[in-house]
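Overview (structure and organization)
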Amino acid sequence: MEKGGEMKKWKFQGNKNLTIASNITVRGVLNMVMDNVNSHDDVIALGHGDPSHYPCFRTSPLAEDAVVKTLRSSKFNCYGPTVGILSARKAVSEYLSRDLPHKLSPEDVFLTLGCTQAIEVVIDALACPGANILLPRPGFPYYEARCAYSGLEYRHFDLVPENGWEVDLDAVKALADDNTVALVIVNPGNPCGSVYSYEHLEKVAKTARKLGIVVITDEVYGHLAFGSKAFVPMAVFANIVPVLTLGSISKRWVVPGWRLGWLAANDHHGILEKSGLVESFKGFLNISSDPATFVQGAVPEILENTRDEFFSNTVKVLGKVADICYEKLKEIPSITCPHKPEGSMFVMVKLNMSLLKDIQDDTDFCMKLAKEENLVVLPGMAVGLNNWVRITFALEAPLLEQGLERIKAFCKRHGV
Ligand SMILES: *Cc1c(COP(=O)(O)O)cnc(C)c1O
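Residues numbered from 1 in each chain as written. Predicted model: local features only at pLDDT ≥ 70, side-chain atom pairs only at ≥ 80, totals over all residues. Heavy atoms only, no water.

1. Some thoughts on the pairing of strand S4 (residues 153-160)
Selection criterion: In this scheme, strands are said to pair when DSSP sees at least two bridges between them. Think of it this way: any DSSP run of H or I at least four residues long counts as a helix, any run of E at least two long counts as a strand, and we number them from the N terminus. Here, the term right-handed applies to a crossover whose path from the first strand over the helix to the second runs clockwise when the strands point away from the viewer.
Judged from the six bridges that link them, strand S3 (residues 132-137) and S4 form a sheet pairing that is parallel. Following the sheet pairing, Ile133 is matched in S4 by Tyr154. A crossover connection joins S3 to the parallel S4 through helix H6 (residues 142-150); in handedness this β-α-β unit is right-handed. With two bridges connecting them, S4 and strand S5 (residues 166-167) associate as antiparallel partners.

Put into structure tokens, the structure is as follows:
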């Protein structure tokens, strides 16, 4: 009731599509779990993947200096072109081409606000009436959220834990129809910590070719592989199928707050160009905002000159904490880890519900864990797998060990 006693009828309201789409994001679910912790002082966060706070994951001084230098040069206080400044596009094309049998040109690369905006660009560009896209389960739910918002139908194919979380290619073939336009893979994998072999990626490429669809490869964890398999970029198979590579400096350089990502079109036969997709990418970028120009200005220095020791040290630290995580989890009977993580910052583990009393499901597990132990992990339902949990191991080793001890104590207390 307003002043004067009369009810005024206002004509505006919030867009409900945004609420619906945002409910299925990792951040949305983590906030819900976080609301259950007892004391905010002593929380151990094994839920989200941002290790930039920990000294052992501090970015390379070269990257910090590069940004300071471009900022102080006063040459990058301007607006940039909507597709990104040329020197940065060139640097990204050369960076990606190092691992490819072909050479990308700067015109194949579009700079985005993190890998997040690269996802928005491709989903929106593909969202034509009636079209559908194939997404992995478990997956990175931002894809689902963005599809829901943009009205692109999505269908899930399973990743198979017993096969190192490889794509179930028979499921892909069974799901696809005349309106299927693309397939998404995340490699190295979030949430599974998987790294795909050359052979598997080749099979994915051949399957997509048969179906006449484009492969979108989320390689935001590119090169963060510490198991037996080396990271192979999907674009190695761009002679078989057109490949859209999404990436950013957020994870490999541990600077997610810098918001610098890219989308690269590996288009050997001009198929993406002819389809109008490349035109749509430019259209999207014309009606959205760009990464800060001074960060773009630092990209050539960052991509060309970051020392190998920085990369190898990050991979070494991740490998060590992944080992600790895997070994510690073995001590907990009610949790099974079907596949040792080989890359990224995450592992998916299965809850053996029959060994847990007074726990309803994965969400209940995470809520009670937050309340009783001040520890946050992500319920599997947020990434598409009920009664699983995603654990981040990208922490300082002692803190990770302490966190896993808390999970162990919790499971023991709630064990049958
Ligand atoms: C973190 C992440 C992103 C987003 O990357 P930003 O560069 O921070 O926007 C995209 N995809 C996956 C799989 C991620 O884990």
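Still more to cover.
2. Comments concerning the site of the ligand
Quick note on the threshold: We call a residue near a molecule or strand when any one of its heavy atoms sits within 4 Å of it. Residues adjacent in sequence count toward polar contacts only when both atoms are side-chain atoms; beyond that, a polar contact is any pair of N or O atoms within 3.5 Å, and within protein one must be able to donate a hydrogen and the other to accept it. Gly counts as polar in this scheme, as do all residues outside two lists: the nonpolar Ala, Val, Leu, Ile, Met, Phe, Trp, Tyr, Cys and Pro, and the charged Asp, Glu, Lys and Arg.
Not every one of the 14 residues close to the ligand is listed here, only the nearest: Thr116, Asp218, Ser248, Ser250 and Lys251. The contact in question runs from an oxygen atom of the ligand to an N or O atom on the backbone of Cys115, over 2.8 Å. At a separation of 2.8 Å, an oxygen atom of the ligand approaches a polar side-chain atom of Ser248. When residues of the shell around the ligand are assigned to their parent elements, the largest contribution, four residues, is made by helix H5 (residues 114-126). The residue inventory of the shell around the ligand, partitioned by class, reads six nonpolar, five polar and three charged.

3. Some remarks on the packing of aromatic side chains
Quick note on the threshold: Classification of ring pairs rests on two measures: the distance between centres of Phe, Tyr or Trp rings, Trp counted by its six-membered ring, which must be within 6.5 Å, and the angle between planes, read as stacked under 30 degrees, edge-to-face over 60 and tilted in between. Think of it in three bands: with a 1.4 Å probe and only protein chains considered, a residue is buried below 20% of the maximum accessible area for its type, exposed above 50%, and partly exposed in between.
Within this structure, the stated rule accounts for twelve aromatic pairs. A ring pair is formed by Phe110 and Phe281, whose centres lie 6.1 Å apart and whose planes are at 70°; its orientation type is edge-to-face. Taken together, the residues Phe110 in strand S2 (residues 109-112) and Phe281 in helix H10 (residues 277-286) connect sequence positions 171 residues apart. Overall, the relative accessible area of 1% leaves Phe110 in the buried class. For the pair Trp253 and Phe311, a centre-to-centre distance of 5.2 Å together with 85° between the ring planes defines the contact as edge-to-face. Residue Trp253 is located in the loop between strand S8 (243-248) and strand S9 (261-266), and its partner Phe311 is located in helix H12 (residues 308-329); the two are separated by 58 residues in the primary sequence. The structure contains a cluster of three or more aromatic residues connected by ring pairs, namely Tyr95, Trp253, Trp262, Phe310 and Phe311.

4. Topic: helix H4 (residues 86-97)
Operational definition: Working rule for helices: expected span equals 1.5 Å times residues minus one. Pairs of residues are marked as contacts when any of their non-hydrogen atoms sit within 4.5 Å.
Taking 1.5 Å of rise per residue, twelve residues should cover 16 Å, and H4 covers 16 Å from first to last C-alpha, within 8% of that figure. Against the buried residues of H4 lie S2, S9 and helix H11 (293-305).

5. Observations concerning the sheet that holds S2
Across the sheet, which stays open at both edges, the eight strands sit in the order S2-S9-S8-S7-S6-S3-S4-S5 with mixed pairing between neighbours. Of all strands in the sheet, those with a lone pairing partner are S2 and S5, marking the two edges.

6. Remarks on the domain arrangement of the protein chain
A common way to express how large an interface is: the accessible area buried when the components associate. Note the threshold: Where each domain starts and ends follows an automatic or database-derived domain assignment. We define buried area as the total accessible area lost by two parts upon association, computed with a 1.4 Å probe and summed across both. Whenever a carboxyl oxygen of Asp or Glu lies within 4 Å of a side-chain nitrogen of Lys or Arg, that contact is scored as a salt bridge.
Here the domain parsing of the protein chain yields domain 1 (16-58 + 309-413) and domain 2 (76-305). A straight line from the C-alpha centre of domain 1 to that of domain 2 covers 26 Å. With 35 residues of domain 1 at the contact, the number on the domain 2 side is 32 residues. Here domain 1 packs against domain 2, burying approximately 2800 Å² in sum over the two surfaces, 71% of which is carbon and sulfur. Broken down residue by residue, the surface that domain 1 buries against domain 2 is led by Phe311, Glu342 and Ser344, which jointly contribute 22%. The interface formed by domain 1 and domain 2 contains one salt bridge. Between Glu342 and Lys229 there is a salt bridge whose closest N-O contact spans 3.2 Å. Remark: the boundary between domain 1 and domain 2 carries eleven residue pairs in polar contact (both at pLDDT 80 or more).

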